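Fold and geometry: a report
Okay, here's what each chain looks like letter by letter:
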Amino acid sequence: MTPHTHASTDAPDAAALAAAGKADPGIVTCDACPVLCRIRLGQTGACDRYGNVEGRLTRMDPLTVLAKNPEQVRFLGADGEGGLLPSREVFVTAIGAGTTYPDYKPAPFIVGAEIDGVDTVTVVSEGIFSYCGLKVKIDTDRHLGAECATVRADGEPVGHVTTAEYGSQMLSLGGVRHLTGGSKREGVVTCATLLALANGNAAELAIDGGATIIVQAGKAPLIDGTREVRMRVGCGSATIGIFAQQWQGLADEVIVVDDHITGVLTEHQAGRFLGMRPAGIRVRGRRSTPGRYFQVAAPGLAWGGTDITDPLAIIERIDPRLAWPGLRLLMVSTTGEHAAWFVLNDALVPEPAPMPDAIANIVARIGENCEPALCSVLFMAGAGGSLRAGATENPVRLTESIHRGETRVTAGGAPVMLWPGGGITYMVDVTRLPAGAFGHVPTPALVAPIEFTLPRRLYAAIGGHVSRIRPLADILQTTRPRLEPPRPGAGFPW
Ligand code: SF4
């Protein structure tokens, strides 16, 4: 049995604690994570987030503040005219705020501001997340790998293929088991992969028994070296429904090839509704309902996410009692990328023929109705642990107020989707956060910004660290923040 080499991410080890306790002039000990780096003058710790600047432990990246009008904030904030600050247009994010893991002391910034006449508090802290990962949606028809197949980066397992969704394949990457439950290298590679993707960079992922993909949030996936262009208009059955009327009179049968649900027009409800004559062409696979077939071929990278390159391979038989010589047959994929036109000869065998312009136009329209294929990356983490103690002395009250909708959670100012149930488990689209929002520590774990905003009276009621509240203007004047406009489409916390 291979011994596990991982260490707990919850507490520093004995050696680190002993070293941290030794006074050594010129060296500062970083207590922002369990690694407890001892940092020499002018140097940074293992994660480069903290450094020793003139003998003081310093967060090396500037605090990021979202501002609708950065110039105005720069002028009013930096010049001490804090009372004039349009606080509704300014939001202190946790990016660059620092951490106090495992939050045995209040969060680095607890910001007081009046928003529309309401005294609010925003608790701002970078969280160190051992329980985190990415949900990746890859818009493609192509079969990337079997469900549950292992996804690797740099040879290490970093996740798995999960369910196929509408026009997309989903991957689940990271999670505490890959970060802490395997070899040290597995944890390190997992952390590096998550970090790259979360910060909007590309990562190469190889699926056991499947494809190799280059994934980057907001960009088209590169699958086995081919850039995916189109996200399907619908499944085979939906495509039949959408275009049935346009095909009527121009084709006698249309088969939309799809790895999941292949559609056959004249059998389909749409063809029946239009009074189309049954064509007698039976496709392989399992008939679900009339005109809808499952498993017509094996999954693959060809027509409609199947492995077929010759569409006629999915025709099982042609019924001579129903079909007729001269029958016009269109076979097309769910993106319109693959299409072929056939006419049945006297022996009722489909023969390739030039595609009429009117049919080619409809095939082009299938393509026109496909959206651009993209990769979407959602960061998912659980903030239900010690992170809450930096906000309040009574952590469960914070969780309860969040689930009652009284406390808003944001990540770098971006809105999050909260999971119901226990804890504070959330997801956020990484493209909505300012650049470089994520970091890491070598435990290994990801560092992500998180902010809790609530009315001041509620903050006091849940046991918040009220004495640590600092006015917004004070924070702007003392921290020299990086002022960033919100990302296009990301919105503003209020
Ligand atoms: S890894 Fe980074 S956060 Fe952790 S102790 Fe070292 S410098 Fe501080």
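This one's a predicted model, so the numbers in the text were calculated from it and none came from an experiment. (Residues numbered from 1 in each chain as written. Predicted model: local features only at pLDDT ≥ 70, side-chain atom pairs only at ≥ 80, totals over all residues. Heavy atoms only, no water.)

1. Let's talk about the overall build of the chain
Stated precisely, the cut-off is as follows: Comment: elements are numbered from the N terminus, with helices defined as DSSP H or I runs of at least four residues and strands as E runs of at least two. Throughout, a contact is declared for two residues whenever any of their heavy atoms are within 4.5 Å. We get accessible surface area from the Shrake-Rupley algorithm with a probe of 1.4 Å; when it comes to residues, only the shown protein chains can shield them. His is not counted, nor are the chain ends; Lys and Arg add positive charge and Asp and Glu add negative charge. Note that the charge is assigned to NZ on lysines, CZ on arginines, CG on aspartates and CD on glutamates.
A count of helical and extended segments in the chain gives ten helices and 36 strands. Here the C-alpha coordinates of the chain stretch approximately 95 × 60 × 35 Å along the principal axes. Counted over contacts in the chain with a minimum sequence separation of 6, partners at least 24 positions apart contribute 65%. Looking at the chain as shown, the accessible area adds up to about 21,600 Å², and 53% of this sits on carbon and sulfur atoms. The chain carries 44 positive and 49 negative side-chain charges, and their two centres are separated by 4 Å.

2. A few points about the pattern of salt bridges
Cut-off, in case you're wondering: Counted as salt bridges are all cases of a side-chain nitrogen of Lys or Arg within 4 Å of a carboxyl oxygen of Asp or Glu. The buried label applies to any residue whose accessible area, calculated with a 1.4 Å probe on protein chains only, is under 20% of its type's maximum; exposed applies above 50%, and partly exposed to all values in between.
By the definition in use, this model includes 20 salt bridges. For Asp61, the salt bridge goes to Arg59, with nearest N and O atoms at 2.6 Å. Classification of Arg59 as buried rests on a relative accessible area of 16%. The salt bridge involving Arg185 is made with Asp154; its shortest N-O contact spans 3.0 Å. In this pair, Arg185 is assigned in helix H4 (residues 184–198) and Asp154 in the loop between strand E10 (150–153) and strand E11 (156–165), connecting sequence segments 31 residues apart. Classification of Arg185 by relative accessible area gives partly exposed; the value is 41%. Taken together, the salt bridges that share partners define one network made up of Arg49, Arg59, Asp61 and Glu126.

3. Quick notes on the sheet that holds strand E14 (residues 212–215)
Adjacent strands of a sheet form backbone hydrogen bonds with each other and so pair up, either parallel or antiparallel. Quick reminder of the rule: At least two bridges found by DSSP between two strands is the condition for calling them paired. Here an axis means a line fitted to C-alpha atoms, over the contact stretch when the element is a helix, while the angle between two N-to-C directions is reported on a 0 to 180 degree scale.
Strand order in the open sheet made by the eleven strands is E16-E15-E14-E13-E10-E11-E12-E9-E28-E32-E31, with antiparallel pairing throughout. What marks the edges here is a single partner per strand, and that holds for strand E16 (226–227) and strand E31 (417–418). Running over the sheet, H4 touches strand E9 (132–139), E10, E11, strand E12 (168–174), strand E13 (203–207), E14 and strand E28 (375–382) and is turned about 50° from E11.

4. As for the pairing of strand E32 (residues 425–429)
In this structure, E28 lies alongside E32, joined through five bridges in antiparallel fashion. If you follow Leu378 over to E32, its bridge partner there is Asp429. Linking two consecutive strands that pair antiparallel, namely E31 and E32, is a turn of six residues; a positive phi of about 90° is found at Gly421 within it.

5. Some points on helix H7 (residues 357–368)
Rules: Expected span of a helix, by definition, is 1.5 Å for each gap between consecutive residues, and there is one gap fewer than residues. Directions drawn from the helix axis to the C-beta atoms are what define this arc.
The first and last C-alpha atoms of H7 sit 16 Å apart over twelve residues, in line with the 16 Å expected at 1.5 Å per residue. Within H7, the full set of buried residues consists of Ile359, Ile362, Val363, Ile366 and Gly367. Taken end-on, H7 shows its buried residues confined to a sector of 155°, consistent with a single buried face. Facing away from the buried side of H7, by more than 90 degrees, are the exposed residues Asp357, Asn361 and Glu368. Against the buried residues of H7 lie strand E17 (230–231), helix H5 (236–247), strand E24 (328–333) and strand E25 (339–344).

6. Concerning the site of the ligand
The criterion, for reference: Nearness is judged by heavy atoms alone; a residue qualifies as near a molecule or strand once a single heavy atom is within 4 Å of it. Think of a 1 Å grid over the protein atoms and nothing else: a 1.4 Å probe that fits but is trapped marks a cavity, an open set flanked by protein within 12 Å on at least five of seven lines marks a pocket, and residues with an atom within 4 Å of a point count as lining. More than half of a molecule's atoms within 2 Å of the grid points is what it takes for that molecule to sit in a cavity or pocket. Residues are sorted three ways: Asp, Glu, Lys and Arg are charged, Ala, Val, Leu, Ile, Met, Phe, Trp, Tyr, Cys and Pro are nonpolar, and all the rest, Gly among them, are polar.
Residues in close proximity to the ligand include Cys30, Ala32, Cys33, Leu36, Cys37, Gly45, Ala46, Cys47, Arg49, Tyr50, Val441 and Pro442, which together make up its full environment. The site holding the ligand turns out to be the largest cavity. Partitioned by chemical class, the residues of the shell around the ligand number ten nonpolar, one polar and one charged.

7. Remarks on the nonpolar core
To keep things clear, this is the line we draw: Grouping buried Ala, Val, Leu, Ile, Met, Phe, Trp, Tyr and Cys residues that are joined through side-chain atoms within 4.5 Å yields what is termed a nonpolar core.
Judged by nonpolar contacts, the single largest core of 62 residues is most densely connected at Leu173, Phe379, Tyr426 and Phe438. Tallying contributions element by element places H4 first for this core, with six residues. Ignoring sequence-local partners within four residues, the contact set of Phe438 consists of Leu195, Ala198, Asn199, Phe379, Val430, Leu433, Leu446, Val447 and Ala448. The next biggest cluster of nonpolar side chains, apart from the first, holds 24 residues, and it includes Val65, Val73, Leu85 and Val124.

8. Examining the packing of aromatic side chains
Selection rule: In this scheme Phe, Tyr and Trp rings, the latter by its six-membered ring, pair at centre separations within 6.5 Å, and the angle between planes marks the pair as stacked below 30 degrees, edge-to-face above 60, and tilted otherwise. Remark: a charge is flagged as sitting over a ring if the NZ atom of Lys or the CZ atom of Arg is within 6 Å of the ring centre and within 35 degrees of the ring normal.
This structure, assessed with the given rule, holds five aromatic pairs. Here the aromatic rings of Phe243 and Trp247 are separated by 5.8 Å at their centres, their planes lie at 50°, and the arrangement is tilted. Here Trp247 and Phe243 lie together in helix H5, a separation of four residues that amounts to about one turn. Here Phe243 and Trp247 have matching classes, each one buried. A cation sits over an aromatic face here: Arg59 above Tyr50, 6.0 Å from the ring centre. One cation-aromatic arrangement involves Arg277 over Trp324; the distance from NZ or CZ to the ring centre is 3.8 Å.

9. Concerning the environment of Val123
Considering the arrangement of structural elements, one finds Val123 in strand E8 (residues 118–129). Using a relative accessible area of 3% as the deciding quantity, one classes Val123 as buried. Sequence separation of Val123 and Ile450 is 327 residues, and the distance between their C-alpha atoms is 8.4 Å.

10. Observations concerning the environment of Val161
One can find Val161 in strand E11. Residues Val161 and Val136 lie 25 residues apart in sequence; the distance between their C-alpha atoms is 9.5 Å. If we skip the residues at most four places from it in the chain, Val161 touches Gly145, Ala146, Glu147, Cys148, Ala149, Val151, Met170, Leu171 and Ile207.

11. A look at the environment of Gly26
By the element assignment, Gly26 lies in the loop between helix H1 (14–21) and strand E1 (27–29). For Gly26, a relative accessible area of 43% puts it in the partly exposed group. Sequence separation of Gly26 and Glu54 is 28 residues, and the distance between their C-alpha atoms is 8.6 Å. Not counting residues within four places of it along the chain, the set of residues in contact with Gly26 comprises Ile39, Arg40, Leu41 and Asn52.

Keep in mind these numbers describe shape, not what the thing actually does.
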